[in-house]
Amino acid sequence: MELSALTALVEGALIKMGIAPADARNEEQGQWFLMNEEMPIYIDAWQETESTPWNYFKFKSDATVFQITIPFCYGPTVKRNEFLEELLVVNLNLHYGKFSYNSTENVVALVYRKPGSSLLANEIPDVIDALSYYTEMAYHVLKDEFNLKRVNVQEI
């Protein structure tokens, strides 16, 4: 898939969701930003330039990637290992996404990623709904036990 076709597919999905793509676009091509109440939603489409052991199976036929990322909390300072282990267990039950931890920024996010050629425009709203639900549920279920703090959008 060409990156331009993937970008057009994403923007068409945004339009069907009632979102003007121009209002959601970031500075870089293939990047969009949405807010769901307090929750930032980052949508990205790009073309990989190098194959890695993690993308080798699809890279030659389609180097485009689609991703939705919802950073939902900072990594806790107390019981961090127990928290990360809990997220790994929760990952087994999730549809569409996986929890991920960025140690450089100390941010926990829920991420959905797939090759661009396998993306269907009508799945984007479902994925956003599912990821939003999971991040809200995880935050509210785990916030007291692990003293979680929401991600501040201005700090990202």
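The structure presented is a predicted model; accordingly, all values stated were derived computationally and were not measured.

## Looking at a nonpolar patch on the surface
So, point 1. Among the surface-exposed residues, Tyr133, Met137 and Val141 lie close enough to one another that they form a single nonpolar patch of about 320 Å² accessible area.
So, point 2. Tracing the sequence through the fold places Met137 in helix H5 (residues 123-146).
So, point 3. Since its relative accessible area comes to 39%, Met137 is described here as partly exposed.

## Here's the deal with the sheet that holds strand S3 (residues 64-74)
So, point 1. Sheet architecture is open: five strands sit in the order S1-S2-S3-S5-S4, paired in antiparallel fashion. Pairing within the sheet leaves two strands with one partner each, and these edge strands are strand S1 (31-36) and strand S4 (98-102). Direction aside, neighbouring strands of the sheet carry axes that sit 30° apart on average.
So, point 2. Here S4 pairs with strand S5 (residues 107-115) via five bridges, running antiparallel. Along S5, the bridge assignment pairs Asn102 with Val107.
So, point 3. Running over the sheet, helix H4 (residues 80-91) touches S3, S4 and S5 and is turned about 150° from S4.
So, point 4. Packed on one face of the sheet, H5 meets S1, strand S2 (39-47), S3, S4 and S5 and runs near 20° to S3.

## Examining H4
So, point 1. Across its twelve residues, H4 extends 17 Å between first and last C-alpha, which sits within 8% of the 16 Å expected from 1.5 Å per residue.
So, point 2. All of the buried residues in H4 are Phe83, Leu87 and Asn91. All buried residues of H4 project into a common sector of 85° when viewed along the axis, lining one side. Opposite the buried face of H4, at more than 90 degrees from it, the exposed residues are Asn81, Glu85 and Leu88.
So, point 3. Those residues of H4 hidden inside the fold are in contact with S3, S4, S5 and H5.

Calculation rules
Residues numbered from 1 in each chain as written. Predicted model: local features only at pLDDT ≥ 70, side-chain atom pairs only at ≥ 80, totals over all residues. Heavy atoms only, no water. Patch = residues over 30% accessible without salt bridge, like charges linked within 9 Å, V, L, I, M, F, W, Y side chains within 5 Å. Areas by Shrake-Rupley, 256 points an atom, 1.4 Å probe, with all protein chains shown as cover. Salt bridge = Lys/Arg side-chain N within 4 Å of Asp/Glu carboxyl O. Helix = DSSP H or I, 4+ residues; strand = E, 2+ residues; numbered from the N terminus. Buried < 20%, exposed > 50% of the residue type's maximum accessible area, 1.4 Å probe, protein only. Pairing = 2+ DSSP bridges. Axes fitted to C-alpha atoms, helices over the stretch in contact; angles between N-to-C directions. Contact = heavy atoms within 4.5 Å. Expected span 1.5 Å × (residues − 1). Arc of directions from axis to C-beta.

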